[in-house]
Amino acid sequence: MTGGLTGPAHGPVLVTGGTGFVGRRLVRALAAQEAGVRVMTRHPDRYDGPGTPVFGDVSDPDSLDAALEGCRAAYYLVHALGHADFAARDAAAATAFGERAGAAGLAQLVYLGGLGDDHDDLSAHLRSRREVEELLTRGGVPVTVLRAGIIVGHGGISWEITRQLVEHLPAMVTPRWVRTRTQPIAIADVVRYLLGVLDHPDARRRTFEIGGPDVLAYADMLSRVAALEGRRLPIVPVPLLSPALSSRWLALVTDVDVRAGRNLVDSMVNEVVVTDPGIRDVVPFPTTGYDDAVRAALAERRAERRAGRRGER
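Residues numbered from 1 in each chain as written. Predicted model: local features only at pLDDT ≥ 70, side-chain atom pairs only at ≥ 80, totals over all residues. Heavy atoms only, no water.

A. Region of interest: the overall build of the protein. A tally of regular secondary structure across the protein gives 11 helices and 13 strands. A separation threshold of at least 6 residues defines the contact pool for the protein, and within that pool the share at least 24 residues apart is 80%. In the structure as shown, the protein presents an accessible area of about 14000 Å², 50% of it carried by carbon and sulfur atoms. (Helix = DSSP H or I, 4+ residues; strand = E, 2+ residues; numbered from the N terminus. Contact = heavy atoms within 4.5 Å. Areas by Shrake-Rupley, 256 points an atom, 1.4 Å probe, with all protein chains shown as cover.)

This is the structure:
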């Protein structure tokens, strides 16, 4: 469901982060409709998914030229959220990738960033996402930015925090940020938007906000997951539970990476809702409601666990 081609109609599409939560789903969807899809990875010998694996590491600019050579477009889906110096790492990587993409003559870069009002006091995580948006343009390649909040899908870190809190706790003593509003979006809809802006004449050099149809407080999200799983989850907000304490609390009851979880928790004080629905004019389709997105994520997890048990026999 790509738009009309205006740039080079030939050449493969490169996906960075193609083995990650969003990337592997995007690669499958691209491979179903594209003649050439390259998956950039530091370990191409281990890759067994669709597309053609190519070596590349965003922290090693010299490794990017071969991966980008001949491509018409690239998706930039990498970040260093699990590192203490993630902002500096992401800035250096985005600068190098944008410049090398320009040298390779790409017609478009597509970046998945984060929602949040620029006039708000954004967290370090969201400020870094904004910086990456700008740095990717340094090579002169038209950049399309999609800004999303919480992405609901099996394996996504924000979703895993939500699911594990619901499943591991009989009740929750929570920080004030559980009252912050957000606009979650199903992973399938994120992929549809990523596909839809590729080669689209009205998507170049534009920033879009993407979200599902429901605007919810984090507490509402937790309660609805609990209801769908047949659980009861009393929620008691505690005003003095700081982000630092919140991250330690998450580490006790979930298995998400502690540093990445802390960086995400810091962002939960920022309201992340769509204020500009312009994407609907470029890539129109009915988005998935939160409850249906949760059901799909839970079903995918059950299917994966069943497959794992069969493989152990």
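Next comes the rest of the account.
B. Quick look at the packing of helix 1 (residues 21-31) against helix 6 (residues 187-197). Where helix 1 meets helix 6, the closest approach of the two axes is 10 Å, and the angle between their N-to-C directions is 55 degrees. The orientation of helix 1 relative to helix 6 falls into the category oblique. Crossing hand, helix 1 versus helix 6: right-handed. Only Ile-187, Val-190, Val-191, Leu-194 and Leu-195 of helix 6 make contact with helix 1, whose side of the interface consists of Phe-21, Val-22, Arg-25, Leu-26, Ala-29 and Leu-30. (Axes fitted to C-alpha atoms, helices over the stretch in contact; angles between N-to-C directions. Parallel < 35°, antiparallel > 145°, perpendicular 65-115°, else oblique. Left-handed = near helix turned anticlockwise from the far one by under 90°.)

C. Examining the packing of helix 5 (residues 157-168) against helix 7 (residues 218-228) more closely. Direction vectors running N to C along helix 5 and helix 7 enclose 60 degrees, while the axes themselves pass 9 Å from each other. The pairing of helix 5 with helix 7 is recorded here as oblique in orientation. The handedness of the crossing between helix 5 and helix 7 comes out as right-handed. Contacts between helix 5 and helix 7 pair Trp-159, Thr-162, Leu-165 and Val-166 from the former with Leu-222, Val-225 and Ala-226 from the latter. Tallied by class, the residues present in the contact of helix 5 with helix 7 amount to 6 nonpolar, 1 polar and no charged. (Nonpolar A, V, L, I, M, F, W, Y, C, P; charged D, E, K, R; others polar.)

D. Region of interest: the packing of aromatic side chains. Following the criterion strictly, the structure yields 3 aromatic pairs and no others. Considering the side-chain rings of Tyr-76 and Phe-97, the 5.0 Å spacing of their centres and the 50 degrees angle between planes classify their relative orientation as tilted. Placement of the pair is Tyr-76 in strand 4 (residues 73-76) and Phe-97 in helix 3 (residues 86-103), with a sequence separation of 21 residues. Seen from their ring centres, Tyr-193 and Phe-285 are 4.7 Å apart, and the 45 degrees between their planes marks the pair as tilted. Separated by 92 residues along the polypeptide, Tyr-193 in helix 6 and Phe-285 in the loop between helix 10 (279-282) and helix 11 (290-312) bring together distant segments of the chain. Looking at Phe-285, the relative accessible area reads 13%, which means it is buried. Here the aromatic residues Tyr-76, Phe-97 and Tyr-111 are joined through ring pairs into a cluster of three or more. Stacked on the ring of Phe-285, the Lys or Arg Arg-192 has its end atom at 4.0 Å from the ring centre. (Phe/Tyr/Trp six-rings, centres within 6.5 Å; stacked < 30°, edge-to-face > 60°. Buried < 20%, exposed > 50% of the residue type's maximum accessible area, 1.4 Å probe, protein only. Lys NZ or Arg CZ within 6 Å of the ring centre and 35° of its normal.)

E. Broad picture of the side chain of Thr-182. If you trace the backbone, Thr-182 turns up in strand 9 (residues 181-182). On the accessibility criterion, Thr-182 (0% relative accessible area) is buried. Residues within four places of Thr-182 in sequence aside, it is in contact with Ile-150, Asp-214, Val-215, Leu-216, Tyr-218, Met-221, Val-272 and Val-273.

F. Layout of the pattern of salt bridges. Counted under the stated rule, the structure contains 13 salt bridges. Residues Arg-224 and Asp-291 are paired through a salt bridge, measuring 3.0 Å at the closest nitrogen-oxygen approach. Pair noted here: Arg-224 is in helix 7 and Asp-291 is in helix 11, with a separation of 67 residues, a long-range link. Across the pair Arg-295 and Asp-292 runs a salt bridge, and its minimum N-O distance is 2.8 Å. (Salt bridge = Lys/Arg side-chain N within 4 Å of Asp/Glu carboxyl O.)

G. Local environment of the sheet that holds strand 4. Sheet architecture is open: 7 strands sit in the order 3-2-1-4-5-6-11, paired in parallel fashion. Only two strands of the sheet have a single neighbouring strand rather than two, namely strand 3 (52-55) and strand 11 (206-210). On average, adjacent strands in this sheet sit at an angle of 20 degrees to one another, irrespective of strand direction. Sheet topology note: the strand 5 (residues 108-114)/strand 6 (residues 143-148) ladder contains 6 bridges and is parallel. The residue of strand 6 that forms the bridge with Gly-114 is Ala-148. Those strands touched by helix 3 are strand 1 (13-16), strand 4 and strand 5, and its axis lies near 175 degrees from that of strand 4. (Pairing = 2+ DSSP bridges.)

H. Expanded view of helix 5. Taking 1.5 Å as the rise per residue, helix 5 with 12 residues should run 16 Å; its terminal C-alpha atoms sit 16 Å apart, in good agreement. Burial within helix 5 is extensive, with 10 of its 12 residues counted as buried. Among the residues making up helix 5, those that are buried are Ser-158, Trp-159, Glu-160, Ile-161, Thr-162, Arg-163, Gln-164, Leu-165, Val-166 and Glu-167. (Expected span 1.5 Å × (residues − 1).)

I. Layout of the side chain of Thr-41. Topologically, Thr-41 is positioned in strand 2 (residues 37-41). Of the polar contacts made by the side chain of Thr-41, one reaches the backbone nitrogen of His-43; its length is 3.0 Å. (Polar contact = N/O pair within 3.5 Å; in protein donor to acceptor, adjacent residues only side chain to side chain.)

J. Here's a closer look at the environment of Ala-31. The topology assignment puts Ala-31 in helix 1. In this view, Ala-31 contacts Val-37 and Pro-50; residues no more than four positions away in its chain are not counted.

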